[in-house]
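# What the coordinates show
The lines below spell out each chain.
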Amino acid sequence: FSSSACHLNWLENVRGKNEAHCLANFLFRLGFLICLKLFRKKIVWTVHNKVAHDQKRGRKYSQILMKLLMAWSDQIHVLCEATLQEIPSLKKYQSKVICIPHGDYFENFGSGLVNIREKYGIDPSKKIIFFTGKIGPYKNLDLLIECFNRSHLVESNFALLICGACKDLDYRKKISA
């Protein structure tokens, strides 16, 4: 609380192993937000998604926090202009919204000493469609794989390569089959 501003990422992502845990998590986050307002701290909120990821519980609490963050934030950071269309309730707070595009990581993948074609058995003549990042059901990779397999890309000499951490073993089995 010694700073004049607080930048919040994923504060709205309320999770818990049961309803009581979600409620406690929500109340803690709400209390923190109220303290920021009481101490007149500037709030900068980064919007990542229109709904929080991987929520089995706590969605209603996340929605409440998102509404409060929209109203109470001094600045709302979005990663692309499309966010305003995806989250219509943000339009009311458009004067607080600033778009700072998400960066890319091109030219940041190291020296290229790993031959991914050799590592994954991909023919050198194939073009690679590469997905990287956290792997979970909310990313709909099963749909990506299904669409890739039904598309003309398979016959057009393309390979789909998906790399990332997947904690959900059932989902890993599903998309590996």
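Preceding block: the structure.
Report follows, based on the coordinates. (Residues numbered from 1 in each chain as written. Predicted model: local features only at pLDDT ≥ 70, side-chain atom pairs only at ≥ 80, totals over all residues. Heavy atoms only, no water.)

## Remarks on the overall build of the protein chain
Formally: Put simply, DSSP marks the helices as runs of H or I at least four residues long and the strands as runs of E at least two long, and each gets a number from the N terminus on. Using C-alpha atoms as the atom set, the radius of gyration is obtained and then compared with a globule rule of 2.2 Å times the number of residues to the power 0.38. Burial classification: accessible surface area is computed with a 1.4 Å probe over protein chains only, and a residue below 20% of its type maximum counts as buried, one above 50% as exposed, and the rest as partly exposed. Residue contacts follow a heavy-atom distance rule, with two residues in contact if any of their heavy atoms lie within 4.5 Å. In this tally Asp and Glu are treated as negative and Lys and Arg as positive; neither His nor the chain ends contributes. Each charge is placed at NZ for Lys, CZ for Arg, CG for Asp and CD for Glu.
Across its full length, the protein chain carries 6 helices and 6 strands. Reading the protein chain from its N terminus to its C terminus gives the helix and strand order β-α-β-α-β-α-β-α-β-α-β-α. A compact globule built from 177 residues should have a C-alpha radius of gyration of about 16 Å, whereas the protein chain, at 21 Å, is more than 25% larger. Residues counted as buried form 31% of the 177 residues belonging to the protein chain. At a minimum sequence separation of 6, the contacts of the protein chain that also span at least 24 residues come to 65%. Placing the 27 positive and 15 negative side-chain charges of the protein chain at their respective mean positions leaves the two points 10 Å apart.

## Digging into a nonpolar patch on the surface
Using the following cut-off: For patch building, the residue pool is restricted to those with more than 30% relative accessible area and no salt bridge; the joining distance is 9 Å between like charges and 5 Å between nonpolar side chains (Val, Leu, Ile, Met, Phe, Trp, Tyr). Methods summary: accessible areas were calculated by the Shrake-Rupley approach with a probe of 1.4 Å, and residue burial reflects only the protein chains presented. For this document, the term salt bridge refers to a Lys or Arg side-chain nitrogen within 4 Å of an Asp or Glu carboxyl oxygen.
On the surface, a nonpolar cluster with roughly 450 Å² of combined accessible area is contributed by Phe1, Ile34, Leu38 and Phe39. Along the polypeptide, Ile34 turns up in helix H1 (residues 19–38). For Ile34, a relative accessible area of 37% puts it in the partly exposed group.

## Focus on the packing of H1 against helix H2 (residues 59–72)
Put simply, the rule reads: Comment: axis = line fitted to C-alpha atoms, over the contacting stretch for helices; angle = value between 0 and 180 degrees taken between N-to-C directions. When an angle is under 35 degrees it counts as roughly parallel; over 145 it counts as roughly antiparallel; between 65 and 115 it counts as roughly perpendicular; any other value is oblique. When residues are sorted by character, Ala, Val, Leu, Ile, Met, Phe, Trp, Tyr, Cys and Pro go into the nonpolar class, Asp, Glu, Lys and Arg into the charged class, and all the rest, Gly among them, into the polar class.
One way to put it is that H1 packs onto H2 with a least axis distance of 10 Å and a crossing angle of 10 degrees. Here H2 runs roughly parallel to H1, going by the angle between their axes. On the side of H1, the interface is formed by Glu19, Cys22, Leu23, Phe26, Arg29, Leu30, Leu33, Ile34 and Lys37, while H2 contributes Lys60, Tyr61, Ile64, Leu65, Leu68, Leu69 and Trp72. By residue class, the composition of the contact of H1 with H2 is 12 nonpolar, no polar and 4 charged.

## Thoughts on the side chain of Thr46
We apply this condition: Two N or O atoms form a polar contact when they lie within 3.5 Å of each other; inside protein one atom must be a possible hydrogen donor and the other a possible acceptor, and for residues adjacent in sequence the pair counts only when both atoms belong to side chains.
Looking at where Thr46 falls in the secondary structure, it is placed in strand S2 (residues 42–47). A residue is classified by how much of its surface remains accessible, and Thr46, at 2% relative accessible area, is buried. At 2.6 Å, the side chain of Thr46 forms a polar contact with the side chain of His7. Every residue in contact with Thr46, bar those within four places of it in the chain, is listed here: His7, Leu8, Asn9, His77 and Leu79.

## Some points on the nonpolar core
Going by this rule: By nonpolar core we mean a set of buried residues, namely Ala, Val, Leu, Ile, Met, Phe, Trp, Tyr and Cys, connected to one another through side-chain atoms within 4.5 Å.
Ranked by size, the top nonpolar core spans 24 residues in total, and within it Leu8, Leu33, Trp45, Ile76 and Leu90 carry the most contacts. Contributing elements (two or more residues each) for this core: strand S1 (5–9), H1, S2, H2 and strand S3 (75–78). Residues in contact with Leu90, not counting those within four places in the same chain, are Met70, Ile76, Val78, Thr83, Leu84 and Val97. Within the second largest apolar cluster, 7 residues are counted, among which are Phe131, Ile135, Tyr171 and Ile175.

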